[in-house]
Amino acid sequence: MELGFHLPIFDIDGGTSAIAGELARVGAAAEEAGATWLSFMDHYFQIEPTGLPAESNMLEGYTTLGYLAAHTSRIDLGLLVTGVTYRHPGLLAKIVTTLDVLSGGRAVLGIGAAWYEREHRGMGVPFPSIAERFERLEETLRICGQMWDPADNGPFEGKHYQLAETLCSPQPINRPKVLIGGGGERKTLRLVAQYGDACNLFGSSPEDVAHKLDVLRRHCDDLGRDYDAIRKTVLANNPRPTPETRDEFVRSMEGYAKLGVQAAIVTPTTGSPAAWIEGMAPAVPQLAELG
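Report follows, based on the coordinates.

Procedures and definitions
- Residues numbered from 1 in each chain as written.
- Predicted model: local features only at pLDDT ≥ 70, side-chain atom pairs only at ≥ 80, totals over all residues.
- Heavy atoms only, no water.
- Buried < 20%, exposed > 50% of the residue type's maximum accessible area, 1.4 Å probe, protein only.
- Helix = DSSP H or I, 4+ residues; strand = E, 2+ residues; numbered from the N terminus.
- Contact = heavy atoms within 4.5 Å.
- Pairing = 2+ DSSP bridges.
- Right-handed = clockwise from strand over helix to strand, strands pointing away.
- Axes fitted to C-alpha atoms, helices over the stretch in contact; angles between N-to-C directions.
- Parallel < 35°, antiparallel > 145°, perpendicular 65-115°, else oblique.
- Left-handed = near helix turned anticlockwise from the far one by under 90°.
- Nonpolar A, V, L, I, M, F, W, Y, C, P; charged D, E, K, R; others polar.
- Phe/Tyr/Trp six-rings, centres within 6.5 Å; stacked < 30°, edge-to-face > 60°.
- Lys NZ or Arg CZ within 6 Å of the ring centre and 35° of its normal.

Here we look at helix α6 (residues 188-195)
Stage number 1. Those residues of α6 that fall on the buried side of the exposure criterion are T188, L189, L191, V192 and A193.
Stage number 2. Turning to α6, the residues buried within the fold contact α5 (130-147), β8 (177-181), β9 (198-202) and α7 (206-223).

Put into structure tokens, the structure is as follows:
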């Protein structure tokens, strides 16, 4: 099992002027630890699950990933997860392509249907029904696939999006893997089975994740997709680990490893996420021993 780091909090010791330097140290610490994933949220207001008010610091995700691309050399970079409502899919494909080119082929498209209504209203972004958001998500996945196909620069005609051309030049160095976040059994996991290279599930318990993976397997069977070709990841925050509880955290991941989960993603919570990551680094070889 691999370890990844996800940073949802930008309230950094030293204030706003310290954020850039701390994030550079985060990238170095994550790679030194041997982690394989580094991500941020796709939000503009802070979200309630962090326990912080909406007014807390929040950076735009893809700009932040571009900065980290220049301060890392090996780790995969993505958002967990891009909200489908925030960017036109043709532009999103170009943004992720740019990240891939400038990072040397390390971009991952983490994407989902979006949910934070207050943020949409506050920023003036339309917030359609959940049914429409999932329709837009599927069209976006199809558009990105077409944009990343150098043999198909033709039009795209969908219900919500119409593109006269799907030209994307340069093409990504490595076609970005698509990670679809969420555990919705009827829609989200079907989209994983049809379009995803990876899924990200909440690590609520091994029993819950086992059920979600069984649902994913059934969708794969229905669609003729190889279940084993899909990378399985969990957001492992139940409970949220700390450097002090690192060994307990590793033991708690054993049940997920037995299910075939390939990566556990954890979130720093302190004012110095780089120091937190350094404290978690010994978990990387311990997790690798789980399989």
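Picking up where we left off.
Re the pairing of β8
Stage number 1. Of all five residues making up β8, four are buried, and the element is well covered by its neighbours.
Stage number 2. Sheet topology note: the strand β5 (residues 108-112)/β8 ladder contains four bridges and is parallel. Bridge pairing links G110 to L179 in β8.
Stage number 3. Here three bridges tie β8 to β9, and the two strands are oriented parallel to one another. Counted as the bridge partner of G181 is N200 from β9.
Stage number 4. Taken together, β8, α6 and β9 form a β-α-β motif whose crossover is right-handed.

Considering the packing of helix α1 (residues 19-33) against helix α2 (residues 61-69)
Stage number 1. Two elements in contact, α1 and α2, have axes whose closest approach is 9 Å; the angle formed by their N-to-C orientations is 60°. The angle between α1 and α2 falls in the class oblique. Our pair here, α1 against α2, has a crossing hand that is right-handed. Between α1, through A20, G21, L23, A24 and G27, and α2, the contact on the second element is made entirely by T64, Y67 and L68.
Stage number 2. Broken down by class, the residue content of the contact of α1 with α2 amounts to five nonpolar, three polar and no charged.

Observations regarding the environment of R25
Stage number 1. Here R25 is to be found in helix α1.
Stage number 2. Assessed through its relative accessible area of 48%, R25 is described here as partly exposed.
Stage number 3. Sequence separation between R25 and T269 is 244 residues; the distance between their C-alpha atoms is 15 Å.

Details of the packing of aromatic side chains
Stage number 1. Counting across every chain of the model gives four aromatic pairs.
Stage number 2. With a centroid separation of 5.9 Å and 25° between ring planes, the pair formed by F10 and F40 is classed as stacked. Of the two residues, F10 is situated in the loop between β1 (2-7) and α1 and F40 in strand β2 (residues 37-40); the sequence distance between them amounts to 30 residues. Here F10 and F40 have matching classes, each one buried.
Stage number 3. Both rings, one in Y44 and one in Y86, keep their centres 5.3 Å apart while their planes meet at 70°; by these two values the pair is edge-to-face. Here Y44, found in the loop between β2 and α2, pairs with Y86, found in the loop between β4 (82-83) and α3 (89-103); they are 42 residues apart in sequence, far enough to count as distant.
Stage number 4. Exposure remark for Y86: the relative accessible area of 15% places this residue in the buried category.
Stage number 5. Lying over the aromatic face of Y227, R217 brings its terminal NZ or CZ to 3.8 Å of the ring centre.
Stage number 6. Positioned above the aromatic ring of Y227, the side-chain terminus of K232 is 3.7 Å from the ring centre.

Describing the packing of α2 against α3
Stage number 1. Where α2 meets α3, the closest approach of the two axes is 9 Å, and the angle between their N-to-C directions is 15°. The angle between α2 and α3 falls in the class roughly parallel. For the pair α2 and α3, the crossing hand works out as left-handed. Taken together, the residues of α3 that come into contact with α2 (itself represented by Y62, L65, G66 and A69) are L92, I95, V96, L99, L102 and S103.
Stage number 2. Grouping the constituent residues of the contact of α2 with α3 by class yields eight nonpolar, two polar and no charged.

Looking at the sheet that holds β9
Stage number 1. With respect to topology, nine strands assemble into an open sheet ordered β3-β2-β1-β11-β10-β9-β8-β5-β4, the strand pairing being parallel. One side of each edge strand has no neighbouring strand; the edge strands of this open sheet are β3 (76-79) and β4.
Stage number 2. Together, β8 and β9 form the strand contacts of α6, whose direction differs from that of β8 by roughly 170°.

So far we have only geometry, and geometry alone does not tell us how the molecule works.
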